[in-house]
Amino acid sequence: MPVVKVRLSSLSNSFPNIQLTEIIEKLPYIGLDIEGIDEKDEIVRVEFNPNRPDFASENGILRALRGLFEIETGLPIIKNIEESSYLINVDKTVAEIRPIIYGFVAKRENYLDEYEISQLISMQEDLHNGVGRKRKKASIGIHDLDHIVFPLEYTTVSKDFSFIPLDKQSEFTIENILNDLDTGKDYGYIVNNYDKFPLLFDSQKNVISLPPIINGDMTKITTNTKNLLIEVTSTATKSAHDILSILSFELHDMGFKIYYMRSYSPFEGMIKAPSLNPLKMIVPVDYINKILGLDLSNEDIIKYLQKSRCSGKNMDNDIECIVPSYRIDIFNPIDISEEVAIGYGIYRFNTSSPPALYFSGKKHINSKIFNNIREILIGLGYIEIINTNIISRKILDDFFLKEKNNNLVGIGDSKNSEFEVLRNSLIPSIMSTLAKNIHEKYPQKLFEIGKTFQIQNSEVKEEWFLGATIAHNNADYTQIKSVLESLIRYCFNKDINTPGFNFEYYINGHSAKILLNEIEIGNIGEIHPQVLDNFKLRTLVSAFQINLDSLIKILNLTKMKYL
Amino acid sequence: MSKNVSNDKSDPESANDLISKSIVSLHPIEKRILSILYPLKEKWITDNQLIKESGLSIDQIRRGIEWLKFKNLILIEDKSDVKIYLKNKSTLKNNGFVLPERKLVNCIKKGNNNIADIIKDIEFDNNKEVFAAIKFGKNNNWINVENNSIFLLPESEFLSNEEKLLEKLIKSDSLLLSNLNNSENTSFEILKKRPNILDIKKITNKKYIITNLGISIFDKLSTDTVSDNGKDIERKLAVEHLINDGWRNLKFEQIDVEAPLPLLAYGKKNPLIDFIDEVKEILIGMGFSEIDGNLTQSSFWNFDALFIPQDHSARDMQDTFYLTSAKTLAAPLPDTDILKSVSQIHENNWHYKWNISESKPYVLRTHTTPVTIQYLVKEKPDEDKVFLIGRVFRNEKVSFKHLVEFHQIEGIFTSKNANLRQLIGIQTEFYNKLGIKKIKFWPTFFPYTEPSLQSMVYNDKFDKWIELFGMGIFRPEVTLSLGIKNPVLAWGGGFERLAMLRFDLDDIRELYYNNLSWLKGVPKCLL
């Protein structure tokens, strides 16, 4: 989850009548996780959820807290957005690449300070990663307005076009930017499918930005900046409006005056931004009370909505709920109910006794059967181990089980070399457990119940298996077979047949298939000395494995009845 | 070397207690040793004598003596020592007991002070010996090495401590370690480590005597035996005694009933599986039924069906394991009605073009919810309580707090009037049954639930709040597009987090390491 730093001084200045500890204690109740308090820098680091990009700044958090503490409730409103003649002309060549560009202008008397710049940049990054889907869906440029001459032109250029990118001294061609600069390497793929690249110019043909990759250096914001141009390019109109809305409220809270800007495009005509119309939703009172399990009056619901910085109109059986445009996470009546719950206070919910309905809980049939198998094996002195389903190719190689018929299921892009394939047998994992325990007492009798995987008819087939091994200096076929026969007899009162069959990983002539009712359910044998050597074992091992899904099917165990 | 004399005669006050306690637990070996010491009374007996007279083996004597000493029935005087000789084939003998460092001094005195030349000097057997000579020469402060030349220092005119000890040893053939003074002791330690100089021989010289307590106990033992109406004494009941009625004329020796014995090998359920079963029982007691499902899932069921947009970062390769294969591989998708309604809800809400090819890739499930949701789609229950505890997968770097495979516990309750307050109630009851009393609920966010809460529980052992399970009500976008009518309350989280608290582990990897000592050592019953 993204993190935002909130200054303790801002908290105490904004709420002079409330103890700092109480303010911090309440942060979780608007959905913020306290990651830590940094006493030295007088900062509290809070994590916010990606559905609340308005929490990407201190101002957004204070705005919500003012509601919760009832200092300022209801819809936050930006009064008087100034009309203006700021204009972006959109060229039709951007159509397929990144057709949308909206923006607005923000002005203020005093210059940006270092803290404000860092907050704006971190908010921009969070918006890029969330709503912007790592810039693919939308990206943001924040520029020093005073270096820009209107109107702007949003068009395309070829890859040999060059300009001075942000924080560089010399001109780079777009090709160089894509190949050599970090942001070019990270985000170039978004626009690289076309031979033209989107570019935002001012009327003097100076480069403002190469969306979604990098801005021009000319419009860089510094502590000498007091007037801003905000632009968002996007592939979805809603995302662009959402982002501008969040930034409008942020800059408004920073003391900026907001000016409209128009985009004129061949696809959409004239669009004015920012568009801050609140969302209106009519929600039945019953719906809210029913889903929360509360019995709130219409007035209460409206009051709690206001504490959550929304507002509501009483319409008898319904509430007309009004949601500020920056709350992009609210679009369904269920979201309204959560706002009511937060305004009411999650900590005030007293628990409801569980529903007075009769439910008879029971275990899954597999759990019952597996536990019976466990009980018998434990009685025979076996210890249960658990291993991962994903194993390394090396373990399979060491066990001669590197799949020759291509039925093995692989894992893409694993971060750990020991996790490469889904196992197609349990015995290799048990062998590696034996290898890890060579200093422990022998005999070692182990078993595992787990899944195996293989491809069958283009789909992954998962099957439950039981694997068991006995390891000591005299371990042999008869010992493990007697365990197998005991298990099948004591558990299911059945007999198995074991016609001899050679497997690569067992000693020739000392291994067999396991048949139950003439159907193959597994195999059994003495582990081949080369396998023992591969696992660096200095003792003998005998093993069997059986397919529990087959066994359950053959014996019709899912129909197990007590009487 | 030790010169211990054990604690002397025992405390008279508790003597009677000790007598009756000790007598019941005397082993035949102990009795045999006492029977030798008893008639000697005040006289010491040596190891060799004891072996000879008792007929016991050295090992039996050693054990018996340890037990008796522990019970204060005998005293031990230990005058064991170490005898030091020159090695029979000591290389020193060949050259008149001159150490290499002295040879080096002589060599330099001849005017030969270049290292390369010294190595060639006939005095030395090999260059190893020269390097040893340089090392010890430096230690003795005899020489100074500059570049490749060696110069003598005034100290080299005097004997080193090692030479002094050697001289003494040559004079007297052998020395006792206990007779050496401090500096000789140091020299001995140095010479001992150098090859082919010294030989040592351990001399055991132990003597034993019976204590007053030992005498009393042996007296008691004798009276007991005598007063037994002439019955024979056997160590234990044998089957033939039972069959031939011989037991009627037998009395049995008191055995040591308190001695600890080795633990037996045993079979056992895996502790994690065991704990999972205990938790399953809690849930079944709360009316939940267990369900099961596949570990491999289509991206559709793992993500799309749960309202996670196709361009969402949660679906990136960095976090999710996508399956690969040499053969063609395509996960089964639901029927077109469901595909259509889910794709529509995605496009309407997330404003992007939904693409069926993004739904097809197989993933290892990143949570258990795809199983739950498919159960609901298939069974369409009006009211139900189900749960599962199963493996989930995350493509993360393994560490003490992260695994790529772990268990997730998940439960749902669906009913016409299911609500948030009930969800908090169910969760509170579940925690209470686990023994957790202090619980906090906070709002949070999950893509497929609304409202969403997370829970914090207070752990007494670690004296801190720990984040446990998340929960919420499935979003209407999820349920309606899948044809699920009633609200579904869902809660869940990582199970290993509970297991680490249960088994007191700091490193989550221990649960899967299969260390047999750990597996056997975890107590079966909750303490």
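Residues numbered from 1 in each chain as written. Chains lettered and ligands numbered in written order. Predicted model: local features only at pLDDT ≥ 70, side-chain atom pairs only at ≥ 80, totals over all residues. Heavy atoms only, no water.

Q: Even after reading the chapter, I still don't get the nonpolar core, so can you show me in this structure?
A: One recurring pattern in soluble globular proteins: nonpolar side chains tend to sit buried together. Within the largest apolar cluster, 102 residues are counted, with the highest numbers of intra-cluster contacts made by A:I336, A:M431, A:I527, B:F430 and B:W491. When residues of this core are assigned to their parent elements, the largest contribution, eight residues, is made by helix α13 (residues 271-285) of chain B. Discounting chain neighbours no more than four positions away, the residues touching A:M431 are A:F399, A:I527, A:V531, A:L532, A:F535, A:L537 and A:V541. A:V6, A:L8, A:V131 and A:I258 belong to the second largest nonpolar core, which has 58 residues in total. (Core = buried A, V, L, I, M, F, W, Y, C linked by side-chain atoms within 4.5 Å. Buried < 20%, exposed > 50% of the residue type's maximum accessible area, 1.4 Å probe, protein only. Helix = DSSP H or I, 4+ residues; strand = E, 2+ residues; numbered from the N terminus. Contact = heavy atoms within 4.5 Å.)

Q: Teacher, can you tell me more about the sheet that holds strand β18 (residues 449-459) of chain B here?
A: Taken together, seven strands build an open sheet; the order of strands is β11-β15-β16-β20-β19-β18-β17 (chain B) and the sheet is mixed. Pairing within the sheet leaves two strands with one partner each, and these edge strands are β11 (289-290) and β17 (439-443) of chain B. The sheet contact formed by β11(B) and strand β15 (residues 384-393) of chain B spans two bridges and is parallel. What sits directly across from B:S289, in β15(B), is B:V386. Its contacts with the sheet put helix α10 (residues 333-344) of chain A on β17 and β18 of chain B, and the angle it makes with β18(B) is roughly 35°. Helix-sheet contacts for helix α19 (residues 496-503) of chain B involve β16 (405-414), β18, β19 (464-474) and β20 (488-494) of chain B, and the interaxial angle to β19(B) is about 150°. (Pairing = 2+ DSSP bridges. Axes fitted to C-alpha atoms, helices over the stretch in contact; angles between N-to-C directions.)

Q: Quick question: what am I supposed to make of the domain arrangement of chain B here?
A: It is common to report an interface's size as the accessible area lost on association of the parts. The assigned domain composition of chain B is domain 1 (15-79 + 206-227), domain 2 (84-202) and domain 3 (272-521). Measuring from the centre of the C-alpha atoms in domain 2 of chain B to the corresponding centre in domain 3 of chain B gives 76 Å. (Domains from an automatic or database assignment.)

Q: Would you mind showing me how to read the pairing of strand β16 (residues 269-273) of chain A here?
A: On any regular strand, side chains alternate: one points to one face of the sheet, the next to the other face. Residue and element names in this part refer to chain A. The pairing of strand β15 (residues 261-265) with β16 spans five bridges and is classified as antiparallel. Its bridge partner lying in β16, S265 is registered against G269. Linking two consecutive strands that pair antiparallel, namely β15 and β16, is a turn of three residues.

Q: Please clarify how the packing of helix α8 (residues 285-292) of chain A against α10(A) should be interpreted in this entry.
A: A pair of packed helices can be characterised by two numbers: the angle between their axes and the separation between those axes. Residues and elements named next belong to chain A. Where α8 meets α10, the closest approach of the two axes is 10 Å, and the angle between their N-to-C directions is 65°. Taken together, the axis directions place α8 and α10 in an arrangement best described as roughly perpendicular. Handedness of the α8/α10 crossing: right-handed. Where α8 abuts α10, its residues Y287, I288, I291 and L292 lie against P333, I334, I336, S337, V340 and A341. When grouped by side-chain class, the residues that make up the contact of α8 with α10 number nine nonpolar, one polar and no charged. (Parallel < 35°, antiparallel > 145°, perpendicular 65-115°, else oblique. Left-handed = near helix turned anticlockwise from the far one by under 90°. Nonpolar A, V, L, I, M, F, W, Y, C, P; charged D, E, K, R; others polar.)

Q: What is the right way to look at α10(A) in this model?
A: A turn of α-helix holds 3.6 residues, and therefore any two residues three or four places apart point the same way. Look at α10(A): 17 Å from first C-alpha to last across 12 residues, which is about the 16 Å you get at 1.5 Å a residue. Where α10(A) ends, the next residue or the one after it, A:G345, has phi of about 105°, a positive value. (Expected span 1.5 Å × (residues − 1).)

Q: Help me out: how do you make sense of a nonpolar patch on the surface in this one?
A: Residues and elements named next belong to chain B. A cluster of nonpolar side chains, namely L237, V239, L242, I243, W247 and F252, defines an oily patch on the protein surface of about 620 Å² accessible area. Of all the elements, helix α12 (residues 239-243) adds the most residues to the nonpolar patch, at three residues. Relative to the helices and strands, F252 resides in strand β10 (residues 250-252). (Patch = residues over 30% accessible without salt bridge, like charges linked within 9 Å, V, L, I, M, F, W, Y side chains within 5 Å. Areas by Shrake-Rupley, 256 points an atom, 1.4 Å probe, with all protein chains shown as cover. Salt bridge = Lys/Arg side-chain N within 4 Å of Asp/Glu carboxyl O.)

Q: Would you mind showing me how to read the sheet that holds strand β14 (residues 257-259) of chain A here?
A: Backbone hydrogen bonds hold the strands of a sheet together, and the pairing may be parallel or antiparallel. Residue and element names in this part refer to chain A. Sheet architecture is open: four strands sit in the order β6-β13-β5-β14, paired in antiparallel fashion. If you trace the sheet from one side to the other, it starts and ends with β6 (138-144) and β14, each paired once. Direction aside, the axes of adjacent strands within the sheet are offset by 25° on average. Where strand β5 (residues 100-107) lies against β14, three bridges are found, and the strand directions are antiparallel. What sits directly across from V105, in β14, is Y259. Contacts from helix α4 (residues 114-129) reach β6 and β13 (227-234), with the element oriented near 160° to β6.

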